[in-house]
Amino acid sequence: MAVGKFITLEGMDGAGKSTHIPNIVSQIESHGETVVCTREPGGTKLAEELREILLHKAMHAETETLLMFAARREHIAKVIAPAMARGDCVISDRFTDATYAYQAGAKSVSVDKITVLEKWVQDELQPDMTILFDVPVEVSIARLASARTPDKFEREDAEFFEKLRNAYLARAKQYPTRFRIINANQPLKTVAKEVKVTIEDFLLRI
Ligand code: TYD
């Protein structure tokens, strides 16, 4: 029986979510919680190897979906479930909402197939809270253009990013009690403040 808490961070590439992770971790730790910080695809040795393949090798969108869930199965078994059983707070930089956004929303993989894999791999496991860092497509693209060498996903065009953003916003609308949308198209300090309030509010409820 899971007793820990599970927070996921989502958003398009270039939304800036990763920048806020260290602050989120220390804020939760300051409440006396033990935090396990992880990411997807990845989080275990094998899943990180799958990440390398996923981010750099061209493949059929369904192959990509299956590999995402293969990595996720390993991640849940080795990292997420044990941490939650210990009562820790797990923070994952991306989780299954990313599969619905990237593979279903942007690459047209069937939602029904993803739902089957989700049930198989996760059973009842769902995040307690998902923070969606939302930015307009042109902002995401501009930020990526000035960043490091892009991976496979970061090289996609504006139409892909438009579908991606719409899919994320649709997920947030479908699960309004789980999602918190942060407008990440604001000065970093303002975004950080909103993240802090969001986490504080979550901690008050646990
Ligand atoms: P990302 O989380 O953006 O890491 P970094 O900040 O190091 O670039 O990279 C992971 C990529 O994997 C991202 O482009 C989204 C993609 N992805 C999917 O397409 N589906 C998924 O289910 C997950 C978890 C990630």
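In the block above lies the structure referred to throughout.
Everything in this summary refers to the structure shown in the same document. Since this is a predicted model, take the numbers as computed values, not measurements.

1. Here's the deal with the pattern of salt bridges
Part 1 of the argument: Evaluated as defined, the whole model comprises 18 salt bridges.
Part 2 of the argument: Of the charged contacts, one joins Glu64 and Lys107 as a salt bridge, the two residues approaching to 2.9 Å between their closest N and O atoms. Placement of Glu64 in helix 3 (residues 61–86) and of Lys107 in the loop between helix 4 (96–106) and helix 5 (111–122) is noted, with a sequence separation of 43 residues between them.
Part 3 of the argument: The class of Lys107 is partly exposed, set by a relative accessible area of 21%.
Part 4 of the argument: A salt bridge links Asp201 to Arg205; the shortest N-O distance between them is 3.9 Å. Taken together, the residues span about one helical turn, with Asp201 and Arg205 both in helix 8 (residues 188–205) at a distance of four residues.
Part 5 of the argument: Residue Arg205 is classed as partly exposed on the basis of its relative accessible area of 48%.
Part 6 of the argument: Sharing partners across several salt bridges, the network here consists of Glu10, Asp13 and Arg94.

2. Looking at the packing of helix 1 (residues 21–29) against helix 8
Part 1 of the argument: Two elements in contact, helix 1 and helix 8, have axes separated by 10 Å at closest approach and are oriented at 30°. By the angle between their axes, helix 1 is roughly parallel relative to helix 8. Between helix 1 and helix 8 the crossing geometry is right-handed. Here helix 1 contributes Ile24, Gln27 and Ile28 to the contact with helix 8, which in turn contributes Val195, Lys196, Ile199, Glu200 and Leu203.
Part 2 of the argument: In terms of residue class, the contact of helix 1 with helix 8 is made up of five nonpolar, one polar and two charged.

The rules behind the values
Residues numbered from 1 in each chain as written. Predicted model: local features only at pLDDT ≥ 70, side-chain atom pairs only at ≥ 80, totals over all residues. Heavy atoms only, no water. Salt bridge = Lys/Arg side-chain N within 4 Å of Asp/Glu carboxyl O. Helix = DSSP H or I, 4+ residues; strand = E, 2+ residues; numbered from the N terminus. Buried < 20%, exposed > 50% of the residue type's maximum accessible area, 1.4 Å probe, protein only. Axes fitted to C-alpha atoms, helices over the stretch in contact; angles between N-to-C directions. Parallel < 35°, antiparallel > 145°, perpendicular 65-115°, else oblique. Left-handed = near helix turned anticlockwise from the far one by under 90°. Contact = heavy atoms within 4.5 Å. Nonpolar A, V, L, I, M, F, W, Y, C, P; charged D, E, K, R; others polar.

That's the geometry; what it means functionally is another story.
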